[in-house]
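# Results of the structural survey
Each chain, letter by letter, is given below.
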Amino acid sequence: MIVGHVMRLPAEFDLHALEVFVMTVELGGMTQCANRLQVTQSAVSQTIARLEQGVGTALFDRRLRPLGLSPAGRALFERGRRLLVAARATFDEVREGADLPIDMVTVGMSESLATQMTAPLLQRFGARANRWRMRSGISINQHAEFLARKFDMLLTGSNMLERVEGLDHHGIVQDPFLLIFPGDYDGSIEPAEVNSDLPFVRYALDCGTGQRIEQQLTRMKLRLPNVIEVDITHQQVTTVALGMGWSISSLLCLAAQPGLLSKMRVAPLSKGGFSRRIEVVARSGEMGDLPALTAQLAQDVLREQTFPPLIEALPWVEPLIEWFDIET
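Scoring rules and cut-offs
- Residues numbered from 1 in each chain as written.
- Predicted model: local features only at pLDDT ≥ 70, side-chain atom pairs only at ≥ 80, totals over all residues.
- Heavy atoms only, no water.
- Salt bridge = Lys/Arg side-chain N within 4 Å of Asp/Glu carboxyl O.
- Helix = DSSP H or I, 4+ residues; strand = E, 2+ residues; numbered from the N terminus.
- Buried < 20%, exposed > 50% of the residue type's maximum accessible area, 1.4 Å probe, protein only.
- UniProt positions renumbered as here; feature names shortened; annotations may be inferred.
- Core = buried A, V, L, I, M, F, W, Y, C linked by side-chain atoms within 4.5 Å.
- Expected span 1.5 Å × (residues − 1).
- Contact = heavy atoms within 4.5 Å.
- 1 Å grid on protein atoms, 1.4 Å probe; cavity = no way out; pocket = protein on both sides within 12 Å on 5 of 7 lines; lining within 4 Å.
- Points joined across faces, edges and corners; volume = space filled by probe spheres on them.
- Nonpolar A, V, L, I, M, F, W, Y, C, P; charged D, E, K, R; others polar.
- Pairing = 2+ DSSP bridges.
- Right-handed = clockwise from strand over helix to strand, strands pointing away.

## As for the pattern of salt bridges
Under the definition given, this model contains nine salt bridges. For E26, the salt bridge goes to R149, with nearest N and O atoms at 3.2 Å. Of this pair, E26 sits in helix α1 (residues 15-27) while R149 sits in the loop between α6 (139-147) and β5 (153-156), and the two are 123 residues apart along the sequence. With relative accessibility at 15%, the residue R149 sits in the buried group. Measuring nitrogen to oxygen at the nearest pair gives 2.9 Å for the salt bridge that ties D175 to R276. With a gap of 101 residues between them, D175 in strand β6 (residues 167-182) and R276 in strand β11 (residues 275-283) connect regions that are remote in the sequence. Via salt bridges that share partners, E26, R149, R283 and E286 belong to a single interconnected network.

## As for the UniProt feature "domain: HTH lysR-type" (unreviewed entry) in the protein
What UniProt calls "domain: HTH lysR-type" (unreviewed entry) maps, in this numbering, to residues 13-70. What you have in residues 13-70 is 62% helix and 7% strand, and the ends, taken at the C-alpha atoms, are 17 Å apart.

## Focus on the nonpolar core
Grouped burial of nonpolar side chains is what soluble globular proteins tend to show. With 48 residues, the main nonpolar core has V105, V107, W132 and M264 as its most contacted residues. When residues in this core are grouped by element, the largest group, six residues, is from helix α10 (residues 290-306). The next biggest cluster of nonpolar side chains, apart from the first, holds 20 residues, and it includes M30, C33, I48 and F60.

## Structural notes on helix α7 (residues 208-219)
For α7, with 12 residues, the first-to-last C-alpha span of 17 Å sits near the 16 Å given by 1.5 Å per residue. In the core, the buried residues of α7 are packed alongside α6, β6, β7 (201-203), β9 (247-250) and β11. Two residues or fewer past α7, K221 is found with a positive phi of approximately 60°.

## Thoughts on the layout of surface pockets
Of the volumes computed, that of the largest pocket is approximately 810 Å³. For the lining of the largest pocket, the element with the most residues is helix α4 (residues 71-97), which contributes five residues. Grouping the constituent residues of the lining of the largest pocket by class yields nine nonpolar, three polar and 12 charged. Here the second largest pocket defines a volume of roughly 400 Å³. The wall of the second largest pocket is formed by 19 residues, among which E26, R81, E165, G166 and R283 lie closest to the centre. Of all elements in the fold, only α1, α4 and α6 reach the threshold of two or more residues within the lining of the second largest pocket.

## What about the pairing of strand β4 (residues 129-136)?
With seven bridges joining them, strand β3 (residues 102-109) and β4 adopt parallel strand pairing. Looking at β4, one finds that I102 is bridged to A129. Taking the sense of rotation as the criterion, the β-α-β connection linking β3, helix α5 (residues 111-125) and β4 turns out right-handed.

What follows is the structure, encoded as structure tokens:
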């Protein structure tokens, strides 16, 4: 039998160099990649230069500003991303097969979800990683950091990533938006007819929730003066409970402040009802089954612990909640 010649890959063409190259493209430059990896820009530049030497051609067109890819670079970027996904999946499978945890998982969550999910997530899956980093904050910032690979998973109620390629979306629940008024408010609950003496508490537009609410107000042709603006749910709900205004909030946001429910009048939107999709987002082919299992855990927590007290106090909200089927 004649054995054909097998081409050996050059030493410069390795997964680390490929990862640095792909990250440089995704983040938009060598400086950004260096900051992400916490190394010098010179180290990134040298790694890419060695990779170009190994492949035998330039990967970037250095005449362009900002830095642009050469035809060979575009081909390597597309194929390299798929190769890295397969390599990470293989690495995780080998460690799982050897009953070893992965190194680190970084999870980004909205404020309301962080309140409900941090402890259950660590209790259920803590042993699957050596280190966990749990972060909560403004969704727009988290989305940018997720795309910059600072997060492995997001638990989010924003739809800003729905058109980004290469991501898996594991739906949990449709979280309905509701009208909230001070407990002693006895006026009309139609948004267009609320007394002007009671201002609308607006959620900041740099939050996904704020953008979602503002879009709906626009569809309803409501122009409400910007008198009070907040950027976290605790501010929003507390301001209303203290009688300083009215607002639109979601069921999950109300669940994060259960002690204030009795101090508010909560009502459905008779016209223009809407909701937000709560989901887990992760890069396709990465993290194994952890994203889907996290979505299932979140659904269990919301269905069995978070929402029942609100449904008991507000029975009319139950038909407004829609649960997704999750494949694990």
